[in-house]
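One letter stands for each residue in the lines below.
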Amino acid sequence: MDYKIISLDSFNPLDMNMIKSREKWYGGDDHSRWVFEDSGLYYKIWNETYIRKDGVKLGIDCGFYDETTVPAFVGLIYDKDICRGYVTKKCEEFDGDISPFEEIIKNKTKETEHFVYDITDKHIMKYENKFSLIDLEGVCLLSSYEDIANDRFNASFSSENYRKFVYELYKNK
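Caption draft 1: Summary view of the pattern of salt bridges. By the definition in use, this model includes 13 salt bridges. Salt-bridge contacts for Glu111 lead to Lys108; the nearest nitrogen and oxygen are separated by 3.9 Å. Taken together, the residues Glu111 and Lys108, both in helix H2 (residues 99–112) and 3 residues apart, mark about one turn of the helix. Owing to a relative accessible area of 58%, Glu111 belongs among the exposed residues under this scheme. A cluster of three or more residues bridged by salt bridges with shared partners is formed by Arg33, Lys44, Asp135 and Glu137.

Caption draft 2: Structural context of a negative patch on the surface. A cluster of acidic side chains, namely Glu92, Glu93, Asp95, Asp97, Glu102 and Asp121, defines a negative patch on the protein surface. Along the chain, Glu102 turns up in helix H2. Judged by relative accessible area, Glu102 falls into the partly exposed class, the value being 36%.

Caption draft 3: Examining the sheet that holds strand E2 (residues 17–22) more closely. The 6 strands lie next to each other as E1-E7-E8-E6-E5-E2, forming an open sheet whose pairing is mixed. Of all strands in the sheet, those with a lone pairing partner are strand E1 (4–7) and E2, marking the two edges. Direction aside, the axes of adjacent strands within the sheet are offset by 25° on average.

Criteria and cut-off values
Numbers given for residues are sequential positions, taken from 1 along each chain in its written order. Residue-level local features of this predicted model are given only where pLDDT is at least 70; pairs of side-chain atoms are given and counted only at 80 or more, and the full residue set underlies all totals for whole chains, interfaces and linings. Excluding hydrogens and water, the side-chain values take into account all heavy atoms of the structure. Note on definitions: salt bridges are taken to be side-chain nitrogens of Lys or Arg within 4 Å of carboxyl oxygens of Asp or Glu. Counting from the N terminus, the helices are DSSP H or I runs at least four residues long and the strands are E runs at least two residues long. Think of it in three bands: residues with accessible area under 20% of the maximum for their type are buried, residues over 50% are exposed, and the middle band is partly exposed, with areas taken using a 1.4 Å probe on protein chains only. Exposure above 30% relative accessible area and no salt bridge define the residues that can form patches, which grow by joining like charges within 9 Å and nonpolar side chains of Val, Leu, Ile, Met, Phe, Trp and Tyr within 5 Å. All accessible areas in this document rest on Shrake-Rupley with a 1.4 Å probe, and a residue is counted as covered only by the protein chains that are shown. Charge convention: Lys and Arg are scored as positive, Asp and Glu as negative, and His as well as the terminal groups of each chain are ignored. Charged groups are reduced to one reference atom each: NZ for lysine, CZ for arginine, CG for aspartic acid, CD for glutamic acid. Only strands that DSSP links by at least two bridges are regarded as paired with each other. Each axis is a line fitted through C-alpha atoms, taken for helices only over the stretch in contact, and angles between the N-to-C directions span 0 to 180 degrees.

The following block contains the structure:
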């Protein structure tokens, strides 16, 4: 998948519209992140200490993220050699049948032996005429199933049906 590398110092979030802010720590684990909008682009930014800072790159490298799962994806934001976020194009909410996209997600899970634990209707949107995931950093190896299923790192499955699907792959591995 082709994507841009965007330097954190090439834009100023303070000049953008803040859409969402979450400043949260669980013990020593940084879960803070912010979403900004500017000219039809959405910038999700986190601290260099963010616990899931390498998740999006993992999703790209393993092949889970591509044109079929994240067509709105523009690129990764880096500060030096640390991933500090990502950029997507504006998507639209969708209130309809997402089952074809759920099949794409299941196939990607099988093919790559990775899963995205935070799949919800609010994280699946429409970009042009395609579905696109918009919350991207929660990618895990199939072998991490028990950690997520048991909420060990303040991360848990959002979809019970998808959790069951991932469990079947995990137990048969």
